[in-house]
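Structure assessment
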Protein chains: 2
Amino acid sequence: MSVYTRPLARLIEHLQKLPGIGPKSAQRLALHLIQRPEKEIAAFAEALLAAKQQVGHCQRCFHLSSEDLCNICRDPKRDTQTICVVADPRDVIALEKTREYKGLYHVLGGLISPMDGIGPEQLTVQALVRRVAQEKTQEVIIAISPSVEGETTTLYVGQLIKPFTRVTRIAFGLPMGGDLEYADEVTLARALEGRRDLT
Amino acid sequence: MSVYTRPLARLIEHLQKLPGIGPKSAQRLALHLIQRPEKEIAAFAEALLAAKQQVGHCQRCFHLSSEDLCNICRDPKRDTQTICVVADPRDVIALEKTREYKGLYHVLGGLISPMDGIGPEQLTVQALVRRVAQEKTQEVIIAISPSVEGETTTLYVGQLIKPFTRVTRIAFGLPMGGDLEYADEVTLARALEGRRDLT
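These figures come from a predicted structure and were not determined experimentally.

1. Observations concerning the sheet that holds strand 4 (residues 103–107) of chain B
Backbone-to-backbone hydrogen bonds pair the strands of a sheet. The strands run either parallel or antiparallel. Residues and elements named next belong to chain B. Strand order in the open sheet formed by four strands is 4-3-5-6, and the pairing between neighbours is parallel. The sheet is open, and its two edges are formed by strand 4 and strand 6 (166–169), each paired on a single side. The mean angle between the axes of side-by-side strands here comes to 25 degrees, regardless of whether they run parallel or antiparallel. One ladder, built from five bridges, connects strand 3 (residues 79–86) with strand 4; its direction is parallel. In the strand pairing of strand 4, Val-86 is matched with Val-107.

Shown next as structure tokens:
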């Protein structure tokens, strides 16, 4: 017999499936939730269903969107001649939070990884090539982490779209606030390699 | 304009209200959730509503229950002559997990705390006194943490039920695996005070 009453045990089971939530946290969250007002819990359940049902992908850039085109693609103030290529919708969110980038995005939906059986055809690479050809893109900025899969993907995508437009890549180097002494060798080597003239 | 599409922003808002979940975790959980199968999300939302609607308190011991009497009070194998008094349903769950205790419980629903305006009348103290008188209880074990509020509550409850039955208190001392050297003075003093003959 479980130490929890049935409906509580079921809620804990569901919470425990979430990433980073263990049995103890799941119990704490469940006991917290059943003490909240009924209205709040109903709104939470509703938000959960709505997010699942309404959030899909932008038909143009494949970012998360609840409409055919995402907020960014529909924004008339964005510079439509620049496309930033990222692996995941999370990366779009991270870049948007900098408030520095005013162009459009293209979400690949992952990285090329032969080990996991993910080739270019599982990603939105073809759609990107079509966009670049059609949208008269001036620059494609590849913003992909420098892992093995990231490098493969960057090289592959770069080769495909270089005939159509200028292709750049975000800078790798010492992070702001990072201590030179504690930086790893690869980061330092990249920082040296990417050095620029002092202006 | 939010960097999230509306339904996603709403889900993140709800997740962020949970204890121990900050903005970053809420984003991660929300992005995880919208990628799960629709069936799983529907079941999660359903479990959330069911837990809120169905889980109330046991009429006898005030532990969490989805029926009039909780699993423990309905279990014919439990020893009905012993009542363990705790502050919170969480404490019942912790004690049940030890599989050591076979008696019943009584959940006070908090601790006496004049600073927070919580007196005995906000707790289930009267119901406990009635139970002890009616149920021919042989022993009441008070299992309340030794904080200021915990001590006040233990003394108050103890005084009230002593006329009816034997009242004991769980032991305080060095935790198992705890190092004597690193134990705080109060714990060590309690451990000395509670010493027992070696058998």
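Still to come is the rest of the account.
2. Some remarks on the domain arrangement of chain A
With domains assigned, chain A is organised as domain 1 (6–54) and domain 2 (70–197). The straight-line distance from the C-alpha centre of domain 1 of chain A to that of domain 2 of chain A is 35 Å.

3. A word on the pairing of strand 5 (residues 139–142) of chain A
As a general feature of sheets, a regular strand has side chains that alternate between the two faces. All names here are of chain A. In strand 5, alternate side chains face the same way, and those of Glu-139 and Ile-141 on one face and Val-140 and Ile-142 on the other are all buried. Note: strand 3 (residues 79–86) against strand 5, four bridges, orientation parallel. The partner of Thr-82 across the bridge, within strand 5, is Glu-139. Taking the sense of rotation as the criterion, the β-α-β connection linking strand 5, helix 7 (residues 148–161) and strand 6 (residues 166–169) turns out right-handed.

4. Here we look at the interface of chain B and chain A
Each partner contributes to the interface: chain B provides 53 residues, whereas chain A provides 53 residues. Among the residues chain B hides against chain A, the three largest losses belong to Phe44(B), Leu48(B) and Lys52(B). Together they make up 13% of the total. Our count for the chain B to chain A interface comes out at two salt bridges. Across the salt bridge formed by Arg10(A) and Glu46(B), the nearest N and O atoms sit 3.3 Å from each other. In this assembly, chain B and chain A are joined by 14 residue pairs in polar contact (both at pLDDT 80 or more).

The rules behind each value
- Residues numbered from 1 in each chain as written.
- Chains lettered and ligands numbered in written order.
- Predicted model: local features only at pLDDT ≥ 70, side-chain atom pairs only at ≥ 80, totals over all residues.
- Heavy atoms only, no water.
- Pairing = 2+ DSSP bridges.
- Helix = DSSP H or I, 4+ residues; strand = E, 2+ residues; numbered from the N terminus.
- Axes fitted to C-alpha atoms, helices over the stretch in contact; angles between N-to-C directions.
- Domains from an automatic or database assignment.
- Buried < 20%, exposed > 50% of the residue type's maximum accessible area, 1.4 Å probe, protein only.
- Right-handed = clockwise from strand over helix to strand, strands pointing away.
- Contact = heavy atoms within 4.5 Å.
- Buried area = accessible area lost by both parts, 1.4 Å probe.
- Salt bridge = Lys/Arg side-chain N within 4 Å of Asp/Glu carboxyl O.
- Polar contact = N/O pair within 3.5 Å; in protein donor to acceptor, adjacent residues only side chain to side chain.

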